[in-house]
Amino acid sequence: HLRETTELFWALQDVNLAVDPHEAFALIGPNGAGKTTLFRVIAGIFQPTAGSVQIRGRIAPLLGLGAGFHPQLTGRENIYLSAALFGLTTPEIRALEGAIVEFSELGHFIDVPIKNYSAGMHLRLGFSIAVQLQPDVFLLDEVLAVGDEHFRKKCLRRLEQERLAGRTFVVVTHSLDIVEQTCDRAALLVNGRVVAVG
């Protein structure tokens, strides 16, 4: 005799943002504000119910550890799978493979199925693939929240190099330190709406 009730929930409403080329732009706000949903709409994972997203250039979304990886495949096999999804040919991937493995610092674990990887190892592999693909736009969703301090600093240095090379960044984070250190502007989302940009 219990009846289910349904309620329409809009994760995002009236969001209108523009990120300039070569800019590092942060999406900040409390849990449940819509940051990750907006990120996934930008990445093309979710289709917006209304409105549109325009992206100029190739994007590399880093949206959570292991997203897009096949758990049964080794790290090396996932390099080929991930890069192929970005449209690279086998010879192009082969040319980047050594640099990806070296940057990741995974050593012999590169030939272990990633279902056995720790969160930090997922980060190392995903980040290493993304930076070697040299996209026009990086989408980073809390990807530096895990892993050891050495690799986090290495990632931040590499991101700064990519910024100097003219790449664009959209960063979802709760770390205001990262925003202050690496971003030009930020948008504050609260209850699915942009309440401030600056």
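What counts, and where the lines are drawn
The written sequence of each chain sets the order in which its residues are numbered from 1. It should be noted that, the model being predicted, local features are given only for residues of pLDDT at least 70 and side-chain atom pairs only at 80 or more, the latter also being counted only at that level, while totals for whole chains, interfaces and linings use all residues. Each side-chain value is derived from all of the structure's non-hydrogen atoms; neither hydrogens nor water enter the calculation. By the criteria applied, helices consist of DSSP H or I runs no shorter than four residues and strands consist of E runs no shorter than two, each listed in order from the N terminus. Here a polar contact is recorded for every N or O atom pair within 3.5 Å, except that within protein the pair must consist of a potential hydrogen donor and a potential acceptor, and residues adjacent in sequence are included only if both atoms are side-chain atoms. By the convention used here, residues are in contact when the closest approach between their heavy atoms is within 4.5 Å. Pairs were defined over the aromatic rings of Phe, Tyr and Trp, the Trp ring being its six-membered one, requiring ring centres within 6.5 Å. Orientation was assigned from the angle between planes: stacked under 30 degrees, edge-to-face over 60, tilted for the rest. Think of it in three bands: residues with accessible area under 20% of the maximum for their type are buried, residues over 50% are exposed, and the middle band is partly exposed, with areas taken using a 1.4 Å probe on protein chains only. Strands are labelled as partners when DSSP assigns at least two bridges between them. The angle between two axes is taken between their N-to-C directions and runs from 0 to 180 degrees, where each axis is a line fitted to C-alpha atoms and a helix contributes only its stretch in contact.

Colleague: Could you give me a rundown of the side chain of Asn78, with the residues and numbers involved?
Modeller: On the secondary structure map, Asn78 appears in helix α2 (residues 75-85). A distance of 2.7 Å separates the side chain of Asn78 from the backbone nitrogen of His70, its partner in a polar contact. With sequence-adjacent residues up to four places away left out, Asn78 is seen in contact with Gly68, Phe69, His70, Leu73, Ile114, Leu125 and Ile129.

Colleague: I'd like a description of the packing of aromatic side chains, backed by residues and values.
Modeller: The tally for this structure, following the rule as stated, stands at four aromatic pairs. Ring plane angle 70° and centroid distance 5.8 Å describe the contact between Phe103 and Phe151, whose orientation is recorded as edge-to-face. Here the residue Phe103 occupies a position in helix α3 (residues 90-104), and Phe151 occupies one in helix α5 (residues 149-164), the gap between them amounting to 48 residues. Here Phe151 falls in the buried class, since its relative accessible area comes to 1%. An angle of 80° between the planes, with centres 6.5 Å apart, marks the rings of Phe127 and Phe151 as edge-to-face. Taken as a pair, Phe127 in helix α4 (residues 119-133) and Phe151 in helix α5 lie far apart in primary sequence, 24 residues in all. When sorted by exposure, Phe127 lands in the same class as Phe151, which is buried. An aromatic cluster of at least three residues, connected via ring pairs, comprises Phe103, Phe127 and Phe151.

Colleague: So what's going on with the pairing of strand β1 (residues 24-28)? Residues and values would help.
Modeller: Counted residue by residue, β1 has five buried out of five residues, so it is predominantly covered. The side-chain alternation of β1 yields two buried faces, one formed by Ala24, Ala26 and Ile28 and the other by Phe25 and Leu27. Direction of pairing for β1 relative to strand β5 (residues 185-190): parallel, over a ladder of four bridges. Within β5, the position partnered with Ala26 by the bridge is Ala186.

Colleague: Help me get a handle on the sheet that holds strand β3 (residues 137-141), residues and values and all.
Modeller: The six strands lie next to each other as β2-β3-β4-β1-β5-β6, forming an open sheet whose pairing is mixed. Every interior strand has two partners, whereas the edge strands, β2 (59-62) and β6 (193-197), have only one. For this sheet the average axis-to-axis angle between neighbouring strands, irrespective of direction, equals 20°. Relative to β6, β5 runs antiparallel, the two being bridged by four bridges. Within β6, the residue paired with Val190 across the bridge is Arg193. Across the face of the sheet, helix α1 (residues 35-43) comes into contact with β1, β2, β3, β4 (168-172) and β5 while running at roughly 150° to β3. On the sheet, α5 packs against β1, β3 and β4 and is oriented at approximately 140° with respect to β4.

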